[in-house]
Amino acid sequence: MASPGAQAYDVVVVGAGIVGASCAARLAEAGLSVCVVDRGPLVSGTTGAGEGNILVSDKDPGPELDLALLSVRLWHDLAASLPDAVELEAKGGIIVSSSERGLAALVAAAEHQRAHGIVAEVVDPAALAELEPHLTRDVVGGVSYPQDMQVQPMLAAAHLLRSAARHGATLRPRTRMTGVDRGPGGAVRAVRTDSGSIACRWVVNAAGTWGGEVAALAGGPVPVRPRRGFILVTEPLPPTVHHKVYGAEYVANVASDSAGLETSPVVESTRSGTVLIGASRERVGFDGTTSYDVLGRLAAQAIALFPVLAAVRVQRTYRGFRPYCPDHLPVIGPDPRVDGLVHACGHEGAGIGLAPGTAELVLQSVTGEPPTIALEPFSPLRFEEQAA
Amino acid sequence: MAEVPREEYDVVVVGAGPSGMAVAVEAAAGGLRVALLDQGARVGGAYWRHNPEHLDDLTPVALHHDWSTFRRLLARLQTVDVRTEHTVWALERLELGFRVRALRGEVERAPVVLDATSVVVATGTYDHVLPFPGWTLPGVMGAGGGQALLKGTLVAPGSRVALAGSGPLLLVVADGMLRSGVEVVAVAESGHPTTYGLHPSSWTGLGARTREASSYARTLAEHRVPYLAGHSVRAAHGTDRVERVSFATRRGRIREYDVDALLVSHGFTPQVELLLQLEPVTRVDADGSVVVTVDAQQRTSVPGLLATGEVTGVGGASLAILEGYVAGRALTDRGVDRAVLKRIDVHRRFARAMHSVHAPREDWVRRLPDDELVCRCEEVTAGAVRAACRDLGVDDVRGAKLMTRAGMGLCQGRMCGRAVAELVADTSGRPVDAADSVRAGLRLPATPVPLSVLAREALTDDDT
Amino acid sequence: MRKGDRFTVLLNGVEATAYDGDSVAAVLVRAGRTSWRRTRVGERPRGLFCGMGACQDCLVVVDGVAAVRACVAPARPGIAIVSNGGSADG
């Protein structure tokens, strides 16, 4: 098929999930000409399997927390322009513990987080019972994070893409990127796809869990790998869980390096009345086979937190593949190896929350403005150094 | 929590309709240890839905078809472990064989786990009903569902009933209603069955079928029930239940009837979700339904997983029984007479002809107003789906589901899936994709499962 | 005349007659109901639709257990059926 006209774009964004959509919206709103390609239909990757977490509570102080705080602020700004249908809600998160030792660790972590801009309030069992009447009484305390938010990620991404389109962006779903053309000086001059070349000066790798593939095709490899997660969806219930509620193990598992299965309870209600139950992490490549053991653990943990859920029924289960890098930080920013390549992937279970901040950094990478937060920790070159 | 004890079988058959009964009987006759599961309280499926009173009769009952075949198979089930009130929610492939997870009792919801070397899925179909204005009014129901109520419980779905849609089921159900003393005010068939004439070869060898069809036509004539060819439902009217129905021809001629029940069928949707959990090769059949591909022994592409009856292609009970027989014999390494294979061929040819006659009128999508529901469970309107296509670029069923919640309710898209696919295709301009339909049909669990049951699947550290 | 065994069940606290072979739905329909539930979003009345366990419209409470499919659940002596809505007119 011939190349689509002679139009040259400033930027081609590869990936139309939440990160790609956020980047496309910011770039287009800034007046750049943008083309978004995705090998599947819009929002068909991990965003379609996401829970919709916008969290600060699980971030360690450091670059990821800086990005999270930036993003949460930007999500609040977006609330004005996104329709109510995206269910953006500052519902807040609560981490609870059933052991004194666990609680002590939570409280210590919270103090550390508070020093870096996170709002965190220690809550005693009486306060917990008021915040979450159905929570098990077998808790010794917890920490409340009012900054944690929730959104319906597919709708959010779809509306961001729509905003990009309204500002002139072209959307090309079901178009698979196959490579990058570089000019005599080595700079990007086109993205190759299975339906022709698209001339451009910049290419943004927002391909999520497939960001490693796209990066390799573009000449700037980065080690993004899949980490499988399952989610249980219950039948609709009257309001049962009022915040995002996590068992204390949740935080630790995100940072773990073990190859095997890790599960930790995460429970929250949605506007339609269903309760979403997570979270599991496994390194099994792209194997999508249902693990009944994992489903069982998620169910057992949810019941432990909310005993009333025992008789509640699961109507649907699904799984997704989170993109992760060895050091659990995303890859963001220009790739020195390929002039014109900008990465924006590897957000491991935090893609939705971190998308707006990532989009801002990507815009700054393209326009040459100084980045809002330092890009070095997210550099695509860091893996060679780490390996060394 | 304690693990659910597992029971072992050579074969587990899921679905105790005509096909499943035939498989189980034949496999047990070959010496295998067979479990036959069904979600109903009695075997027979929808086709042989019956009331205990019917078992007292030694002569064929007016409501039933092939009743003597049913009695014969029922008697031979003595050597089969029949488990009624079992709803299977998952099929898992093990290293050797399969694990079948079920809930026993619609109220009890007790976990049951069976391990088997082979599994045969014969889960039949449910009515395919396309949305129309007023279709969610109480009293509007699937024709097969209305018939099941009458056959199973001797309670009629209404006292003034109309039938509408397309397909031979309408005549069958009308006949049954009339014989039971229910008033049938009209039967509206949107197709033109005279086009059977276009496929003369399809009738060869189906003399019984021809006689059957004329007998239904005779019953309707005897009761002076108008048979309205070329008419489809324009709207069901009523406040809290259906009170009136209006039919219309393509040219706009309208007829109205007062009713208290409207039974509708636009064909059948095979219940393939358990099969899809194991990712066998599937195809889209001539009637637009997703079915599983099988070889001459009814084996799917997954070793040890067989499928018989409507889930391999809608073709009626006689074909389903023959396929069940073939599968039952294949499981015990026995072949079948060539005469049987020829019969199967004849039935499949007829089924193909039926599909082409009774294709629903394409303009149902265009005639569905924006404010009418397409998804019953989540109460999503046609307008919402159209808007998602226009405004958000949705062009497949999955996208429609994620953006509008159509298909996210308790029935998980069973009722609306095919309709949403056609609606999306019509609005977006992108034709319905087989892969999309398969993905939309994957449901795990296949029925809602209590968290406490699921929790028992967690392996303790001793197990790992 | 019905030949089958007769027994009683409770329907919304009131005794109702049932017969061997009845589903819970049959008890409701025989009692004159076309709908016995209201939907979550629009509170629309619902009763039987598919009649074979697929549509999840016909849900009732039986012996305290919610979301029971009336067309699948057999009626048994002494069960307590509670419907949460539907139209008063049936």
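These figures come from a predicted structure and were not determined experimentally.

## A few points about the overall build of chain C
- Looking only at helices and strands, one finds one helix and seven strands in chain C.
- Of the regular secondary structure in chain C, the N- to C-terminal order runs β-β-α-β-β-β-β-β.
- Over its C-alpha trace chain C gives a radius of gyration of 12 Å, about what one expects of a compact globule, namely 12 Å for 90 residues.
- Overall, chain C is about 40 × 25 × 25 Å in size when its C-alpha atoms are taken along their principal axes.
- Residues classed as buried in chain C amount to 53% of the 90 residues present.
- A separation of at least 24 residues holds for 44% of the contacts in chain C among residues at least 6 apart in sequence.

## Section: the interface of chain C and chain B
- The partner chain B presents 34 residues to the 40 residues of chain C that form the contact.
- Listing elements by their share of the side of chain C that touches chain B, those giving two or more residues are helix H1 (24-30), strand E4 (45-47) and strand E6 (65-69) of chain C.
- When residues in the side of chain C that touches chain B are grouped by element, the largest group, four residues, is from H1(C).
- Split by residue class, the side of chain C that touches chain B holds 17 nonpolar, 13 polar and ten charged.

## Some details on the interface of chain B and chain A
- Across the contact, 26 residues belong to chain B and 31 residues belong to chain A.
- Breaking the side of chain B that touches chain A down by element, the ones donating at least two residues are helix H9 (382-392), helix H10 (397-404), strand E22 (449-450) and helix H13 (451-455) of chain B.
- For the side of chain B that touches chain A, the element with the most residues is H13(B), which contributes four residues.
- Its residues assigned to classes, the side of chain B that touches chain A comprises 15 nonpolar, four polar and seven charged.

## So, the sheet that holds strand E5 (residues 59-62) of chain C
Residues and elements named next belong to chain C.
- Taking strand neighbours across the sheet as the criterion, the five strands line up as E2-E1-E7-E5-E6 in an open arrangement whose pairing is mixed. On the outer flanks of this sheet lie strand E2 (14-19) and E6, each paired with one strand and no other. Neighbour-to-neighbour, the strand axes of this sheet turn through a mean angle of 40°, independent of strand direction.
- Where E5 meets strand E7 (residues 80-82), two bridges bridge the pair, whose relative direction is antiparallel. Paired with valine 61 across the bridge in E7 is valine 82.

## Considerations on the pairing of strand E15 (residues 275-281) of chain A
Residue and element names in this part refer to chain A.
- Of all seven residues in E15, seven are buried, a share of seventy percent or more.
- Here strand E12 (residues 225-234) pairs with E15 via two bridges, running antiparallel. Among the inter-strand pairings, valine 233 is bridged to a residue of E15, identified as leucine 276.

## Focus on the environment of A:Tyr9
Residues and elements named next belong to chain A.
- Relative to the elements of secondary structure, tyrosine 9 occurs in strand E1 (residues 8-14).
- Through-space distance from the C-alpha of tyrosine 9 to that of arginine 137 is 58 Å; in sequence the pair is 128 residues apart.
- In this structure tyrosine 9 touches Ser33, Val34, Cys35, Ile198, Ala199 and Cys200, once residues within four positions along its chain are discounted.

## Remarks on unusual backbone geometry
- Of note, the bond from A:Gly278 into A:Ala279 is cis; its omega dihedral lies within 30 degrees of zero at 0°.
- With respect to the helices and strands, A:Ala279 occurs in strand E15.
- The backbone phi angle of B:Arg405 is positive, close to 75°, even though this residue is not glycine.
- A tally of 20 C-beta atoms within 10 Å means that B:Arg405 is categorised as buried.

## A short note on the packing of helix H3 (residues 143-153) of chain B against helix H4 (residues 169-179) of chain B
All names here are of chain B.
- Where H3 contacts H4, the axes come no closer than 10 Å and their chain directions differ by 30°. Between H3 and H4, the interaxial angle falls into the category roughly parallel. Between H3 and H4 lies a crossing whose hand is left-handed. Between H3, through Ala143, Gly144, Gly146, Gln147 and Leu150, and H4, the contact on the second element is made entirely by Leu169, Leu170, Val173, Gly176 and Met177.
- In terms of residue class, the contact of H3 with H4 is built from six nonpolar, four polar and no charged.

## A few points about the domain arrangement of chain A
All names here are of chain A.
- Under the domain assignment, chain A is made up of domain 1 (8-51 + 153-223 + 327-387) and domain 2 (93-146 + 225-324).
- Relative to domain 2, the C-alpha centre of domain 1 lies at a distance of 30 Å.
- With 15 residues of domain 1 at the contact, the number on the domain 2 side is 15 residues.
- Here the residues of the side of domain 1 that touches domain 2 are counted per class, giving three nonpolar, ten polar and two charged.

## Considering the packing of helix H1 (residues 18-29) of chain A against helix H5 (residues 153-166) of chain A
Residues and elements named next belong to chain A.
- Between H1 and H5, whose axes approach to 8 Å, the crossing angle comes to 25°. When the interaxial angle is binned, H1 and H5 end up roughly parallel. Seen from above, H1 lies across H5 with left-handed handedness. Contacts between H1 and H5 involve Ile18, Ala21, Ser22, Ala24, Ala25 and Ala28 from the first element and Pro153, Ala156, Ala157, Leu160, Leu161, Ser163 and Ala164 from the second.
- Looking at side-chain class alone, the contact of H1 with H5 contains eleven nonpolar, two polar and no charged residues.

## Side note on the nonpolar core
- Ranked by size, the top nonpolar core spans 296 residues in total, and within it A:Ala24, A:Val34, B:Leu163 and B:Val385 carry the most contacts.
- Take this core: its biggest share by element is ten residues, from helix H7 (residues 317-331) of chain B.
- The contact partners of B:Val385, leaving out residues within four places of it in the chain, are B:Val374, B:Val380, B:Ala400, B:Thr404, B:Ala406, B:Val420, B:Leu423 and B:Val424.

## Quick notes on the pairing of strand E13 (residues 244-249) of chain B
Residues and elements named next belong to chain B.
- Pairing geometry for strand E12 (residues 231-237) and E13, over six bridges, is antiparallel. Of the residues in E13, the one forming a bridge with valine 233 is phenylalanine 247.
- Linking two consecutive strands that pair antiparallel, namely E12 and E13, is a turn of six residues; a positive phi of about 160° is found at glycine 238 within it.
- Of the strand pairs in this sheet, E13 and strand E14 (residues 254-258) are connected by five bridges, and their pairing is antiparallel. Considered in E14, the bridge of valine 245 is made with tyrosine 257.
- Linking E13 to E14, which pair antiparallel, is a turn of four residues; within it glycine 252 sits at a positive phi near 100°.

## Remarks on the environment of B:Val12
All names here are of chain B.
- Looking at where valine 12 falls in the secondary structure, it is placed in strand E1 (residues 6-14).
- Judged by the 31 C-beta atoms lying within 10 Å of it, valine 12 is buried.
- When neighbours within four sequence positions are excluded, valine 12 is seen to be in contact with Ala35, Leu37, Val100, Leu114, Ala116 and Val119.

Each value, and the rule that gives it
- Residues numbered from 1 in each chain as written.
- Chains lettered and ligands numbered in written order.
- Predicted model: local features only at pLDDT ≥ 70, side-chain atom pairs only at ≥ 80, totals over all residues.
- Helix = DSSP H or I, 4+ residues; strand = E, 2+ residues; numbered from the N terminus.
- Rg over C-alpha atoms; globule rule 2.2 N^0.38 Å.
- Buried ≥ 20, exposed ≤ 12 C-beta atoms within 10 Å, placed from the backbone.
- Contact = placed C-beta atoms within 7 Å.
- Nonpolar A, V, L, I, M, F, W, Y, C, P; charged D, E, K, R; others polar.
- Pairing = 2+ DSSP bridges.
- Axes fitted to C-alpha atoms, helices over the stretch in contact; angles between N-to-C directions.
- Parallel < 35°, antiparallel > 145°, perpendicular 65-115°, else oblique.
- Left-handed = near helix turned anticlockwise from the far one by under 90°.
- Domains from an automatic or database assignment.
- Core = buried A, V, L, I, M, F, W, Y, C linked by C-beta atoms within 7 Å.

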